[in-house]
Amino acid sequence: MKLDTINRHFARFGVFQIRYRWVFIIALAVLTVIGMTGLSRLTTGDNMEDWFDEYDAIQINTDRFEALFGNEDSVLVLVEAEDVFDPEVLAVIRDLGAELLEKVPYAKELHSLTDMSVVSGSEEGIEVSNPFENGIPEAGPLLEEKRSYIMSRDSLVNMLVSDDCRETWLSLSLNNYEGENESVEMYAVGREAMDIITDPKWENPKYTLKPSGMAYTEYEEMLTIMEETQKRIIGGFIVVILCLIIFTRSLRGVLIPVLTTVGGIGSVFGYMARLGIPADSNMMTLPILLAMALSIGYAIHLVNAFKFQFHQSGKRKEALCAAVGETGWPILFTALTTIASLLTFLFTGIGAMRWLGLTSALTVFSVYLYVVLLVPALFSFGKDRVADNPAIFAASTDKGKTFIDRKFYALGEVLIKKRFPIIIIAFISIAAFIPGLFRMTVNMDYFSFMGKKIPYIARLSEMLNAKLGSLYSYTVMISFDESVSFKDTEQMRNLDMLREDLGALDFTKVSGNKPRVSSVTEIVKEMHRTLNGDDPAFYTIPDDPDLLAQILFLYEISGGGDLFNRITEDFSASVLQVELSGYDGNRIAKTVKDAETAARTRFPKANVAVVGIIASFVEMNNKIVYGELKSFAGSFLIIFLLLALVFSSFRVALIGMIPNIAPVLVIGGIMGYAKIPLDMLTMTIMPMLLGIAVDDTIHFITRILLELENTGSYRQAVLNSFGMIGKTLGTTTVILCAMFAVYSFSPVAMLFHVGILAITGMTAALLADYTLTPLLIFLLKPLGFERMK
């Protein structure tokens, strides 16, 4: 079917929608009101478990860990002081811990200098007690005695308290979350903990309190992202208003597109809220800003076409029908390719990406419907005008209808004249970015994707550099069937040797020459030492299995509260927690693999699993890589097939894809050269850019095809297309870049990176469409033969 035939079908639809404009207006108004009233129910969340399906190995292992040992999460406070044994500091640790234990949801157990179980000898044998159970003594011999004993315990020094007595941990363990939405429960924990820890009553120059823990930092991240979300959306709305004022220069041209944009986006989120679908707090700005930009782009295409036709004919409704006929097909096709590209996020295997893909596709589809249905209907109200002088109009459209259009026509002449050098330079320039693709990295590190400009990230960075400070950890879980248990001295000794193996791996935090690896073997060795007159030589695993069983039994009946945090009650499973000094997405995977290998070597007949935040990050890194490949490959294939189907030519589809691969190679190269890692946001850029960039290509090819049908000449078709839509293509790209520019002012690193990369990619796409698209069509002539004059 010829393009002018397709346009006539759209023009007839324009007649239909103007005739029944009140039906469209009322129907959309009702749907909008119902949708918008649902926004009050909208909830947000950022659940890391959404990254994994129930059949993923990491999720299976995590579920088993929680079933055996409970919630791995905790609320942590690093206390720094000149002397943490100062009575005033100890009193704060005690009181702060008591308040956290009392008020924080899901609070389980407290572990700190003032709330701990320490093994000591007594006249009756051994005793497991809290040195400060009877209160905190004033400075003097009694306090020094307690300090000396605590600092003599190998299991405590540089684990709970630093060897210089300047740092100590306060740790609140948590019960398993019970709500359907784990992120909501986690935020409740973080919110209450923050209210307590940041209370001004704790402020004192003698000490500093530095909180951390997954629940706490996730809540801080949520607050940061929500603040940034509000700023970026407000900034995007301001950009929308400015772009409409600049490019439409009329009150109606501003108000109607704003109405369609707000209605289209608000309705989608409102109906999602009514269906109980929470918005992803990290991702929600992307579909909103993308829909804003595309909505304004669609509206400007339609409004500009209407204004041109209105000036020519002076008849409002006739001009609108002609504008719908001229722009209906390219706008529909560009919307379809963008939606198809976004839907490829559904195949990434990542919950957050699936939400982003579906929500973005729905918002783009929604704003498309609002624009194509409401803009013609609302613009149809009003009077006709006196048409421009036909002679002047004909003269002005010889090489474009405005001064800028004529400049674009002239640009087309230059490009055709110098086509071979321009194509060579374009391909060489693109090729220069290809080596950078092989330097791209994946990194889910907090410091990398949030950036140290964020206050809580700066605090965590300071903590990481402290002697006891740690942010990341992983847990090695070893379990046997019922025939074997850790009451066997050989297995307990293997567990202790594994603790040493893990302490020697990369990234393991070392405090005062002691690797930060926690295990039940520390309790066993501490008990063995106490039973032997507190002789340090007996800080070992006993050889006698009966003695080992006796030690475990004595610790349990003596009130020791830490035993079953590290080993199950039937002694068939145990865990080792490894705290890390830092994170590197490229190297940490090897460390986790080495830890698993070491555990399997020590326990060849046991079930071994590595869980925890770092193990999850490693799996996330893998999912990001494979998700990026699947999403990009899916976008490429779908868009290629759509182009081939619509233009009935694989040659046209291939030519159309070449300039759209260019911006992807450019931003991939920049990410590699500038060391910008792939993370949960930057991974969206390439597939999304492919879906957006092809819009201009479709407009250009469609226009060239129409002009070819009218003129029969490829040269004239290219030149006329430059004169007719060259300015409009630049306008829509400027709008998109301006919209994503609001990200470039964000202190959050991943948002800043998205802004810079999107602007760079869309600029590269426009340059490719101004050069490669028309020149390749001119040279290869894929749209059919020229007509002989």
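Throughout what follows, the structure given in this document is the object of discussion. (Residues numbered from 1 in each chain as written. Predicted model: local features only at pLDDT ≥ 70, side-chain atom pairs only at ≥ 80, totals over all residues. Heavy atoms only, no water.)

1. Observations regarding the pattern of salt bridges
So the rule is basically this: Whenever Lys or Arg places a side-chain nitrogen within 4 Å of a carboxyl oxygen from Asp or Glu, that contact is recorded as a salt bridge. Put simply, DSSP marks the helices as runs of H or I at least four residues long and the strands as runs of E at least two long, and each gets a number from the N terminus on. Buried residues are those whose accessible area, probed at 1.4 Å on protein chains only, stays under 20% of the maximum for their type, while exposed residues exceed 50% and partly exposed ones sit between those limits.
One pass over the full model with this rule turns up 29 salt bridges. Note that Glu99 is salt-bridged to Lys201, the shortest N-O span being 2.9 Å. Taken as a pair, Glu99 in helix H4 (residues 87-103) and Lys201 in the loop between helix H6 (182-197) and strand E7 (207-212) lie far apart in primary sequence, 102 residues in all. Taking the relative accessible area as the measure of exposure, Glu99 reaches 12% and is therefore buried. Arg153 is the salt-bridge partner of Glu526, the closest N and O atoms lying 3.0 Å from each other. A residue pair is termed long-range when its members are at least 10 positions apart, and Glu526 in helix H19 (residues 520-531) and Arg153 in the loop between helix H5 (141-151) and strand E6 (167-174) qualify at 373 residues. Look at Glu526 and you get buried, because its relative accessible area is 3%. Take Arg153: its relative accessible area is 1%, and that puts it in the buried class.

2. Focus on unusual backbone geometry
Backbone geometry at Asp534 places phi at a positive 60 degrees, although glycine is not the residue there. Look at Asp534 and you get partly exposed, because its relative accessible area is 28%. In this structure, Lys675 is a non-glycine residue whose phi angle is positive, near 60 degrees. When you line up the elements, Lys675 lands in the loop between helix H24 (650-673) and helix H25 (685-711).

3. Here we look at the side chain of Lys525
Formally: Any pair of residues with heavy atoms lying within 4.5 Å of one another is described as a contacting pair.
Take Lys525: it is sitting in helix H19. Taking the relative accessible area as the measure of exposure, Lys525 reaches 5% and is therefore buried. Setting aside anything within four residues of it in sequence, one finds Lys525 in contact with Asp496, Arg499, Phe538, Tyr539, Thr540 and Ile541.

4. Notes on the sheet that holds strand E14 (residues 607-611)
Operational definition: Pairing between strands is defined by DSSP: at least two bridges between them are needed. Angles shown run from 0 to 180 degrees and are taken between the N-to-C directions of axes, each axis being a line fitted to C-alpha atoms and, for helices, limited to the stretch in contact.
Across the sheet, which stays open at both edges, the four strands sit in the order E12-E13-E9-E14 with antiparallel pairing between neighbours. Looking along the sheet, the strands with just one partner apiece sit at the ends: strand E12 (517-518) and E14. Inspection of the sheet shows strand E9 (residues 473-479) paired to E14 by five bridges, in the antiparallel sense. Bridging across to E14, Ser479 finds its partner in Asn607. Together, E9 and E14 form the strand contacts of helix H22 (residues 588-602), whose direction differs from that of E14 by roughly 155 degrees. Contacts from helix H23 (residues 613-647) reach E9 and E14 within the one sheet, and its direction differs from that of E9 by about 100 degrees.

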